[in-house]
Amino acid sequence: MNAKSIVKITGLTQLIMSNVIVKGDIVIDGTMGNGNDTLFLANLVEETGKVISFDIQEKAIMNTKQLLEEHNINKQVELIHDGHENIEEYISDEISGAIFNLGYLPKGDTNLITKSKTTIKAIQSCLKLLKKNGIITIAIYYGHEGGEEEKNNVIDYASALDKKLYHVMKMDYINQKGTPPLLIVIMKK
Ligand SMILES: C[S@@+](CC[C@H](N)C(=O)[O-])C[C@H]1O[C@@H](n2cnc3c(N)ncnc32)[C@H](O)[C@@H]1O
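A quick note: this is a predicted structure, and the numbers were derived from the prediction, not measured.

What follows is about the site of the ligand. Taken together, 21 residues sit near the ligand, with Gly33, Asn34, Asn36, Gly83 and Leu105 positioned nearest. Those elements that provide at least two residues to the shell around the ligand are α2 (36–45) and β2 (50–55). For the shell around the ligand, the per-class residue count stands at 6 nonpolar, 12 polar and 3 charged.

Within strand β5 (residues 130–140), 8 of the 11 residues are buried, which leaves the element mostly enclosed by the surrounding structure. Bridge analysis of strand β4 (residues 95–102) against β5 gives 7 bridges, and the strand direction is parallel. For Leu102, the partnering residue across the bridge sits in β5 and is Ile140. The β-α-β motif built from β4, the intervening helix α5 (residues 116–129) and the parallel element β5 has right-handed crossover chirality.

With respect to topology, 7 strands assemble into an open sheet ordered β3-β2-β1-β4-β5-β7-β6, the strand pairing being mixed. Of all the strands in the sheet, just β3 (77–81) and β6 (166–171) have a single pairing partner and so form its edges. Strand-to-strand, the axes of this sheet are offset by a mean angle of 15°, without reference to chain direction. Strand direction decides the pairing type here: β6 and strand β7 (residues 182–188), joined by 6 bridges, are antiparallel.

Another aspect to go through is the environment of Gln66. Inspection of the secondary structure assignment puts Gln66 in helix α3 (residues 58–70). For Gln66, a count of 12 C-beta atoms within 10 Å translates into the label exposed. It is 34 Å that separates the C-alpha atoms of Gln66 and Ile155, two residues lying 89 residues apart in sequence.

The rules behind the values
- Residues numbered from 1 in each chain as written.
- Predicted model: local features only at pLDDT ≥ 70, side-chain atom pairs only at ≥ 80, totals over all residues.
- Near = placed C-beta within 6 Å.
- Helix = DSSP H or I, 4+ residues; strand = E, 2+ residues; numbered from the N terminus.
- Nonpolar A, V, L, I, M, F, W, Y, C, P; charged D, E, K, R; others polar.
- Buried ≥ 20, exposed ≤ 12 C-beta atoms within 10 Å, placed from the backbone.
- Pairing = 2+ DSSP bridges.
- Right-handed = clockwise from strand over helix to strand, strands pointing away.
- Axes fitted to C-alpha atoms, helices over the stretch in contact; angles between N-to-C directions.

Keep in mind that these numbers describe shape and distance, not what the molecule does.
This is the structure in structure tokens:
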């Protein structure tokens, strides 16, 4: 483990996922954004696996396409221009993991934010598709308007998951001021 992985929530997500996701796996990026998590997952699953990524914004699709081209990745990624609340319309295969990165597109329209109703529907879909020992990570950025409500609703939802079926963790930066992001990790038993 590289100690710097804990400096950022994205590093922590990658640290966890890199120990779980292997070549050939099918995984979901529920919030494609600029494509960083999609690229990361594509490198883990390699050409025999599949990353299926969702975003409601054309800009996210364009940025992600460009990032993947720069890294010569084209085979194992499917970019879907639709909300993650519709995941089950596109996927019925068992998945090994899913990444969510809540909030707004960095350097994009700050009004286009993830919202708890659709976020929770997407998490529910991923839990249905998730295989035993699979992991879902949810990085919650909540400093923007509407962010606090989404954070609370997602935490309430995750906290109520049956402990016989799931391990659920919340990781917080507890010595920072303001609204540092936090990470929820769900593992299916
Ligand atoms: C914090 S950004 C994601 C950053 C991304 N993981 C990356 O590596 O750059 C959140 C993204 O969620 C997207 N989003 C908002 N509502 C969504 C929905 N219902 N379904 C899918 N994506 C959504 C936004 O358009 C935005 O691009």
